Amino acid sequence: MFTVSQEHPEDWWEVEALYDLCFAPGRTALSSYRLRDGVPQVAELSRIARDADGILGGAIRYWPIRVGGVISLLLGPVAVHPTHQGEGLGALLIQDSLALAEARGWERVMLVGDAPYYSRFGFTKLDDVVMPPPTNPDRVLGRALIPGSWDGIKGEVVRAY
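Quantities reported herein were computed from a predicted structural model and do not represent experimental measurements.

(A) Broad picture of the pairing of strand β5 (residues 108-112). Across the 5 residues that make up β5, a large majority, 4, are buried. For strand β4 (residues 70-80) and β5, the ladder comprises 2 bridges, and the chain directions are parallel. Paired with L73 across the strands is V109, a residue of β5. Crossover handedness for the path β4 to helix α3 (residues 89-103) to β5: right-handed.

Encoded structure:
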């Protein structure tokens, strides 16, 4: 049993340690991190999951970005501690945070990830959206939180500000 709540500043080091554990060394060299540099995460959507003993089991973060000049959300990273992978915790964090984003009025969200995994959450390939290199264009995925909100949106993904 996990409790999902908003990530707070005092959780930062613990979440970073989880990301270090779950992702390859050099994760911060990825192009998506350049979009996050110096930009505060969307705190109300950045969530953590703790077990009954208070141990961090998973985390998800969101960042504001611009796609073709239009404000959007960048989902990621999302991570689940290896001892809890396969238990649905990642899905819980994704579904919880997407519902919250929709309730807060966000229109669209994108990520860089595996289409077979993220398609079950409504993500599809964004053919006209260009992430900074070196990003595989087949991994650039989006989901409209409001129907049609990706229609006509194309171009480069850049920092929100």
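(B) Seen up close, the pairing of strand β8 (residues 140-144). Sheet topology note: the β5/β8 ladder contains 5 bridges and is antiparallel. What sits directly across from L111, in β8, is L141. Of the pairings in the sheet, the one linking strand β6 (residues 124-125) to β8 comprises 2 bridges and is antiparallel in character. In the strand pairing of β8, T124 is matched with G142.

(C) Region of interest: the layout of surface pockets. When its volume is computed, the largest pocket comes out at roughly 870 Å³. Lining the largest pocket are 38 residues, with F23, V78, V112, Y118 and R139 positioned closest to its centre. Looking at the lining of the largest pocket element by element, the count peaks at 7 residues for β4. The residue makeup of the lining of the largest pocket, split by class, is 20 nonpolar, 12 polar and 6 charged.

(D) Representation of α3 in the model. Taking 1.5 Å per residue as the helical rise, α3 with its 15 residues ought to reach 21 Å, and the 21 Å between its terminal C-alpha atoms agrees with that figure. Taken together, the buried positions of α3 are occupied by L89, G90, A91, L93, I94, S97, L98, L100 and A101. G105, located one to two residues past α3, shows a positive phi value of around 95 degrees.

(E) Molecular detail of the pattern of salt bridges. Summed over the entire model, instances satisfying the criterion amount to 11 salt bridges. Here E7 makes a salt bridge to R61, at a shortest N to O gap of 2.8 Å. Residue E7 is located in the loop between β1 (2-6) and α1 (12-22), and its partner R61 is located in strand β3 (residues 56-67); the two are separated by 54 residues in the primary sequence. The two residues E7 and R61 agree in class, both being buried. What you see here is one network of salt bridges that share partners, running through E7, E16 and R61.

(F) Structural context of the side chain of D51. Following the sequence through the fold, D51 ends up in strand β2 (residues 47-51). A polar atom in the side chain of D51 sits 2.9 Å from the backbone nitrogen of D53. Setting aside chain neighbours within four positions, we find D51 in contact with M1 and F2.

(G) Layout of the packing of aromatic side chains. Following the criterion strictly, the structure yields 6 aromatic pairs and no others. Where W12 meets W13, the ring centres are 4.6 Å apart and the plane angle is 90 degrees; that geometry is what we call edge-to-face. Here W12 falls in the partly exposed class, since its relative accessible area comes to 36%. Look at Y118 and F123: their rings are 6.0 Å apart centre to centre, the planes differ by 75 degrees, and that puts the pair in the edge-to-face class. Y118 sits in the buried class, given a relative accessible area of 11%. Connected via pairs of aromatic rings, a cluster forms that spans Y117, Y118, F121 and F123.

The rules we used
- Residues numbered from 1 in each chain as written.
- Predicted model: local features only at pLDDT ≥ 70, side-chain atom pairs only at ≥ 80, totals over all residues.
- Heavy atoms only, no water.
- Buried < 20%, exposed > 50% of the residue type's maximum accessible area, 1.4 Å probe, protein only.
- Helix = DSSP H or I, 4+ residues; strand = E, 2+ residues; numbered from the N terminus.
- Pairing = 2+ DSSP bridges.
- Right-handed = clockwise from strand over helix to strand, strands pointing away.
- 1 Å grid on protein atoms, 1.4 Å probe; cavity = no way out; pocket = protein on both sides within 12 Å on 5 of 7 lines; lining within 4 Å.
- Points joined across faces, edges and corners; volume = space filled by probe spheres on them.
- Nonpolar A, V, L, I, M, F, W, Y, C, P; charged D, E, K, R; others polar.
- Expected span 1.5 Å × (residues − 1).
- Salt bridge = Lys/Arg side-chain N within 4 Å of Asp/Glu carboxyl O.
- Polar contact = N/O pair within 3.5 Å; in protein donor to acceptor, adjacent residues only side chain to side chain.
- Contact = heavy atoms within 4.5 Å.
- Phe/Tyr/Trp six-rings, centres within 6.5 Å; stacked < 30°, edge-to-face > 60°.

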